[in-house]
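# Summary of structural features
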Amino acid sequence: QNVFSGREIAVNGKDAEVEEEAGGRLRVPVQEAAIKEGDSFSFAVRRDHIELEKVADEAALKTKETNIILGTVIMTEYQGTWVKVTIEREGAESLVAYVPDDRFFAKPVEEGDRVIARWSMEDIHPLVHEGDEDMSRLFGEDLNPGAVS
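In what follows, the accompanying structure is described. (Residues numbered from 1 in each chain as written. Predicted model: local features only at pLDDT ≥ 70, side-chain atom pairs only at ≥ 80, totals over all residues. Heavy atoms only, no water.)

Before going further, it helps to spend a moment on the overall build of the protein chain. Each helix and strand in the protein chain was counted, giving 1 helix and 12 strands. Ordering the α and β elements of the protein chain from the N terminus gives β-β-β-β-β-β-β-β-α-β-β-β-β. Looking at the 149 residues of the protein chain, the share that counts as buried comes to 38%. (Helix = DSSP H or I, 4+ residues; strand = E, 2+ residues; numbered from the N terminus. Buried < 20%, exposed > 50% of the residue type's maximum accessible area, 1.4 Å probe, protein only.)

So, in C-alpha cells, the structure goes:
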C-alpha cells in the first residue's frame, strides 16, 4: 500500500480536497457532513492501482488535476507478469507502483526518469484518523464495490 496523509482544505459535494505536507493535492470521496476544513486523515492506494506516465516537460504539470504525484524513478524490478517501480518523492515517502509487464514494456521507464503517478478516487482506501478514530464513516458505500456486506 501507498499511504498518503493530509489536511482537508475544501469539501465539494461528496468529495474533499486534501493537501498533503509534500504539497500534493489529492481528492477523496467523503460524505459532506462527516468532515470539516482542517481535519487530518490518511488513506492508502494499492500499488497495482497506480498508473505511471513519463514526464517529458515538467511545465505540463501545472494543472488543477488531483490525485497525481510527481517523482523520480529510483528502481525498477521485473517480477514476471509485472514490474515493480519505486518512485522517490521530494519531502515525502517513496511511492511504489506495480505495472503490468505489457504496459511497462510498451512505455518503459528507467532510473532517473521523472514520472507522474496517478489513481482514481475509486481506488482510495481510508485509514485510521489521528487519535485512532475510525475514518470509515467518511467514505461512501460505493468506495469498494467488490466488498461483501
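Here the narrative resumes, following the displayed structure.
An order of β5-β9-β6-β7-β8 is seen for the 5 strands of this open sheet, with the pairing classed as antiparallel. This sheet does not close on itself; its edge strands, each paired only once, are β5 (51–54) and β8 (92–100). Here the strands of the sheet are splayed against their neighbours by 40° on average, with no regard to which way each runs. One ladder, built from 6 bridges, connects strand β6 (residues 68–78) with strand β7 (residues 82–89); its direction is antiparallel. Across the sheet, residue glutamate 77 finds its bridge partner in β7, namely lysine 84. (Pairing = 2+ DSSP bridges. Axes fitted to C-alpha atoms, helices over the stretch in contact; angles between N-to-C directions.)

Moving on: the sheet that holds strand β4 (residues 40–45). Here 5 strands make up an open sheet; going across it, the order is β3-β2-β1-β4-β10 and the pairing antiparallel. The two strands at the open ends of the sheet, each matched to only one other strand, are β3 (25–29) and β10 (124–126). Adjacent strand axes in the sheet meet at a mean angle of 45° when their direction is disregarded. The pairing of strand β1 (residues 2–12) with strand β2 (residues 15–20) spans 6 bridges and is classified as antiparallel. Bridging across to β2, alanine 10 finds its partner in glutamate 17.

So, about the pattern of salt bridges. As enumerated under the stated definition, the model contains 7 salt bridges in all. Salt-bridge contacts for arginine 46 lead to aspartate 48; the nearest nitrogen and oxygen are separated by 2.5 Å. For arginine 46, a relative accessible area of 35% corresponds to the partly exposed category. Judged by relative accessible area, aspartate 48 falls into the partly exposed class, the value being 34%. Between lysine 54 and aspartate 113 there is a salt bridge, with its nearest N and O atoms 3.4 Å apart. (Salt bridge = Lys/Arg side-chain N within 4 Å of Asp/Glu carboxyl O.)

Glancing now at the packing of aromatic side chains. Applying the stated criterion across every chain, the model contains 5 aromatic pairs. On the basis of an interplanar angle of 25° and a centroid distance of 4.8 Å, the ring pair of phenylalanine 4 and tryptophan 119 is categorised as stacked. Of this pair, phenylalanine 4 sits in strand β1 while tryptophan 119 sits in the loop between β9 (114–118) and β10, and the two are 115 residues apart along the sequence. The exposure classification of phenylalanine 4 matches that of tryptophan 119, with both residues buried. Plain terms: the ring middles of tryptophan 82 and tyrosine 98 are 4.1 Å apart, the flat faces sit at 35° to each other, and that makes the pair tilted. Of the two residues, tryptophan 82 is situated in strand β7 and tyrosine 98 in strand β8; the sequence distance between them amounts to 16 residues. For tryptophan 82, a relative accessible area of 26% corresponds to the partly exposed category. Classification of tyrosine 98 by relative accessible area gives partly exposed; the value is 23%. Ring pairing ties together the aromatic residues Phe4, Phe43 and Trp119, which thus form one cluster. (Phe/Tyr/Trp six-rings, centres within 6.5 Å; stacked < 30°, edge-to-face > 60°.)

Taken by themselves, the reported measurements are silent on function.
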